Amino acid sequence: MPVKDPHIIIQPEDTDKVYTTLNLGPTHPATHGIFQNILTMDGEIIVDAEQTIGYIHRAFEKIAEHRPYYQVKPLTDRMNYCSSPINNIGWDLTVEKLLGIKTNKKIDYMRIIIMELARITDHLICNSVIGVDSGALTGFTYVFQEREAIYEIYEEMCGARLTTNLGRIGGFEREFSPLAIKKIRDLLERLPGVLREFEKLLMRNRIFMDRTIRVGQISAERALNYGFTGPNLRAAGVDYDVRVMNPYSSYDDFDFVVPVGTQGDTYDRFCVREEELWQSIKLVENALENMPEGKHHVDVPEIFLPPKEDVYSKMEALIYHFKIVMGEIEIPAGEVYNAVEGGNGELGFYLVSDGGRKPYRLHFRRPSFVYYQAFPEMIRGSVLSDAILTMSSMNVIAGELDA
Amino acid sequence: MDNNFDILTLLKEKFSSEILSSETTFDMLSVTVRSASIFSIIEFLKTDPKTEYNFLTDICGIHYPDNELPLGIIYHLHNLRENRRIRIKTFVPLDKPEVATLTSIFSSANWMERETFDFYGILFTGHPNLIRILNVEYLDFFPMRKEYPQEDPTREDKDNRFFGR
């Protein structure tokens, strides 16, 4: 059954129209973050939107130019704080690429487990918030418990929950503890049931479908032109995934499906994320089952902090400890661009080193920043409540947007 | 690697006088070009069926205070069909930091160029809305340039020598 286009097209000759200006944000409970949108409305229809961003800009690129490499990592936590381990490991991989460090399979698999857990938290929040914004709070409360469980896993691995600073350049600070592995296994057992329940609530729910199908649509061509990546691009029908295109951290050892949508609307973005959750669960399972033997870090004493007992008893360890902590390690000059598949898309690190102790220039390619500029085009002609849904389905994270 | 070489030959054929230097680092071809021809080169790279770099990954600035042309603009392009990346660099002088905008061929360039303007003061000629994006509007300097220290240089309670900086 063909659906009639509900959008009203405003003709340029409609000059005697009186438009209302509506200020949405910067702090509005429905925007889930600090962004301002000044909407021009014709009755209930959005004619145009003007965005203001930068409310939580913290100048990470400038700060990074004054920090030794290992101190840059806590800055990356605070970009996409819904999936900070991906940012952490993305930075580790970038520096390792510059230094030419090759990690063993064990580290790669550990990284995959953590990155996929982080992707699960990211997508869980995004999808449940789409539900909240369309009036279904229940699903949000179901899945938030599982996000909490994943945060407990992080806590077991590194001690922190939100801003994790997880892993090190050259591996991990420690092995996964038996308790962490037990918690992952418990999660893997519980999560499919929760997800199925969550999907039952929303996926074929008539109200949810009416609210999301054909809302905030974007075509594949426009999405590519706007620099979309990640689930939002895949929902528009382009199967670009950094994990498949440029496999890093042994992602090519695993068999997983890259889901793509067809319409590029809110419902497709929801469904793509939902399917990615299942794929992530599978990836964590496979990585945990096939975890190879090996050490949890590469043998690079000049980069990787030695164990504390050795620092007290061995001279070399003490020297390396001192040099690493003071940022005196040798970093070759060069420039490198490295990308990982973050929660929202291609998270790129462009790093220029002049051989000094700190980056000469570091630029973060933040997916949210690139694709959020398409927002006015996506909501033009729709009503305000659809604009809210579109924004939450794009998963714009204020920390990543403003860096 | 061969692919990169082909692209470079193609570029040199088409824009021989505009290509200043090139190198391949970490499997990525990096080409430095004259700033006047940046638009035509990137348009060629996007539209030519042999190159087809159809995705603009990133634009960012860089500042080398000691160079003759101190301000740089770095473009990362991606051919999604064949999975090839290329980096295009161009440098402009401090007193006339002008380069043509890419907004007519890539919509994503809009905010990336605004960000580069915001931090480095590079003027993208023809840009529809070249105003600051992340910093406040009344800021009267470009904070990512190297002459601006991160911390207040008049502070006396902290000696940078003792902090590994």
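Let us look at the structure shown here. (Residues numbered from 1 in each chain as written. Chains lettered and ligands numbered in written order. Predicted model: local features only at pLDDT ≥ 70, side-chain atom pairs only at ≥ 80, totals over all residues. Heavy atoms only, no water.)

**Comments concerning the interface of chain A and chain B**
How big an interface is tends to be expressed through the accessible area that disappears when the partners come together. Taken together, the contact between chain A and chain B spans 42 residues of the former and 47 residues of the latter. Buried area between chain A and chain B, both sides added, is near 3900 Å², and the carbon and sulfur share of it is 56%. Of all residues in chain A, Lys62, Glu335 and Tyr360 of chain A bury the most surface against chain B, accounting for 17% of the area lost on that side. Our count for the contact surface shared by chain A and chain B stands at 5 salt bridges. Notably, a salt bridge pairs Arg85 of chain B with Glu346 of chain A, separated by 3.1 Å at the nearest N-O pair. (Contact = heavy atoms within 4.5 Å. Buried area = accessible area lost by both parts, 1.4 Å probe. Salt bridge = Lys/Arg side-chain N within 4 Å of Asp/Glu carboxyl O.)

**Examining the side chain of His63 of chain B**
Of note, His63 of chain B is situated in strand E3 (residues 55-63). A distance of 2.9 Å separates a polar side-chain atom of His63 of chain B from the backbone nitrogen of Lys146 of chain B. What His63 of chain B contacts, discounting residues up to four positions off in sequence, is Tyr360 of chain A together with Pro70, Leu71, Tyr120, Arg145, Lys146 and Glu147 of chain B. (Helix = DSSP H or I, 4+ residues; strand = E, 2+ residues; numbered from the N terminus. Polar contact = N/O pair within 3.5 Å; in protein donor to acceptor, adjacent residues only side chain to side chain.)

**Focus: unusual backbone geometry**
Leave glycine aside and you will find that most residues have negative phi; peptide bonds, for their part, are mostly trans. Residue and element names in this part refer to chain A. Its identity as a non-glycine residue notwithstanding, Arg214 has a phi of 65°, on the positive side. Here Arg214 lies in the loop between helix H7 (206-212) and helix H8 (220-225). Under the relative-accessibility criterion, Arg214 is labelled partly exposed at 30%. Of note in the backbone geometry, Ser250 takes a positive phi value of approximately 60° without being a glycine. One can find Ser250 in the loop between helix H10 (242-245) and helix H11 (266-289). Ser250 sits in the buried class, given a relative accessible area of 10%. (Buried < 20%, exposed > 50% of the residue type's maximum accessible area, 1.4 Å probe, protein only.)

**A closer look at the pairing of E3 of chain B**
Residue and element names in this part refer to chain B. When you tally the buried positions in E3, you get 9 out of 9 residues, the bulk of the element. The pairing of E3 with strand E4 (residues 71-79) spans 8 bridges and is classified as antiparallel. By the bridge assignment for E4, Asp58 is matched with His76. (Pairing = 2+ DSSP bridges.)

What is shown is where atoms sit, not what they do.
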